Amino acid sequence: MKKISRKSAAPEFGFGSNTSAQRLMNPDGTANVRRIGEPRFQIINIYHSLITMSWRKFNFMVLTTYLVINFVFACIYYFIIPDDELGGMIAHNEVQKFMEEFFFSAQTLSTVGYGRLNPVGTEMSVVAAVESMIGLMGFALATGLLYGRFSRPNAKLLFSENALIAPFKEGKALMVRFANARRNPLIELEANMIFSYNETVNDKVTRQFQTLKLELSRITYLVMSWTIVHPIDEESPLYNLSSEDLQSLDAEFFVNIKAIDDTYAQQVHTRTSYKWSSVVWNAKFISAIGVDQDGVSTVDIRKLSSFEKLT
């Protein structure tokens, strides 16, 4: 493996020095690390998962839980509770009877209680009371989770699909572009880039990390898009490296962004990574910034990953 200067060696990055055949960080910024031996059920872990999971998964989980609870209580009403303990039933067959008891469960769980169906026996009243208590606690929990998800500030940045080795001044540079996917203003942005690679030390292959110097590591306000540029000069650990060298080093580039969300006045973080296979050589980004017919500046998010190869 090619020897690289350690002038810009980074401190421990959090992944250790062990090598792995897969990328260390996923493109969405999550660590590609599997945790082993931790307890399966912890309240704090369950809460964190519910707060951070995607909206699609969260909505599916809430809907599924709601339907399962109603189905369970409908089965209790249908199979266990005597028929004469639920007043107002007008079902003509068993399917209609089960459906009426299912929707009675939904009305009880949500404490709506339309009035036609009503418990008239002790067993039915006890089960309905338990279900209404579960409903009150469940909706309170769901409301708290919704508030936590909406009130948690997080950055939603769109990164280019590829990192480019592009001409820069009289040399070349490693470039990555990103833009804000939301309309909320981000201020005081800071960026850093880490170069990760395998290196043989004392006849053992270990993972090394180096901080890459950026032409501009801080901007005041993210309005358009921002192209992060690492000049590949004589001080850069990428100096004189080729595409084949990056492959043999199993190179990976981490991009970390820190900013302040002006809506919440809180600091947010986001990150991504690029494997050596995502680095395109001798190319440049196609400009995503323009002016519309009214003379207003525009940024075309659709062009964020667009680039052209150079001859």
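Data block above holds the structure.
Values in this document were obtained by computation on a predicted structure and should not be read as measured data.

### Some thoughts on the packing of aromatic side chains
Part 1 of the argument: Inspection of every chain in the model, using the stated rule, returns 13 aromatic pairs.
Part 2 of the argument: Considering the side-chain rings of Tyr 78 and Phe 79, the 4.8 Å spacing of their centres and the 80° angle between planes classify their relative orientation as edge-to-face.
Part 3 of the argument: Residue Phe 79 is classed as exposed on the basis of its relative accessible area, which comes to 62%.
Part 4 of the argument: Measuring from centroid to centroid gives 6.4 Å for Phe 209 and Phe 254, while their planes differ by 40°, and the two rings are tilted. You can see Phe 209 sitting in strand E7 (residues 204–212) and its partner Phe 254 sitting in strand E10 (residues 252–261), a full 45 residues away along the chain. Like Phe 254, Phe 209 is buried.
Part 5 of the argument: A connected cluster of aromatic rings, assembled from ring pairs, spans Phe 71, Tyr 78, Phe 79 and Phe 98.
Part 6 of the argument: Note that Lys 97 overlies the ring of Tyr 78, its terminal NZ or CZ placed 4.9 Å from the centroid.
Part 7 of the argument: In this arrangement the basic side chain of Arg 149 is found over the ring face of Trp 55, its NZ or CZ atom lying 4.1 Å from the centre.

### A word on the pattern of salt bridges
Part 1 of the argument: Counted under the stated rule, the structure contains nine salt bridges.
Part 2 of the argument: When the shortest N-O distance is used, the salt bridge between Glu 100 and Arg 116 registers 2.8 Å. Residue Glu 100 is located in helix H3 (residues 94–109), and its partner Arg 116 is located in the loop between H3 and strand E2 (118–119); the two are separated by 16 residues in the primary sequence.
Part 3 of the argument: Salt-bridge contacts for Glu 308 lead to Lys 284; the nearest nitrogen and oxygen are separated by 3.6 Å. Of this pair, Glu 308 sits in strand E16 (residues 307–309) while Lys 284 sits in strand E13 (residues 283–285), placing them 24 residues apart in sequence.
Part 4 of the argument: Within the structure, one salt-bridge network assembled from shared partners comprises Glu 188, Glu 190, Arg 218 and Lys 258.

Cut-offs and rules
- Residues numbered from 1 in each chain as written.
- Predicted model: local features only at pLDDT ≥ 70, side-chain atom pairs only at ≥ 80, totals over all residues.
- Heavy atoms only, no water.
- Phe/Tyr/Trp six-rings, centres within 6.5 Å; stacked < 30°, edge-to-face > 60°.
- Buried < 20%, exposed > 50% of the residue type's maximum accessible area, 1.4 Å probe, protein only.
- Helix = DSSP H or I, 4+ residues; strand = E, 2+ residues; numbered from the N terminus.
- Lys NZ or Arg CZ within 6 Å of the ring centre and 35° of its normal.
- Salt bridge = Lys/Arg side-chain N within 4 Å of Asp/Glu carboxyl O.

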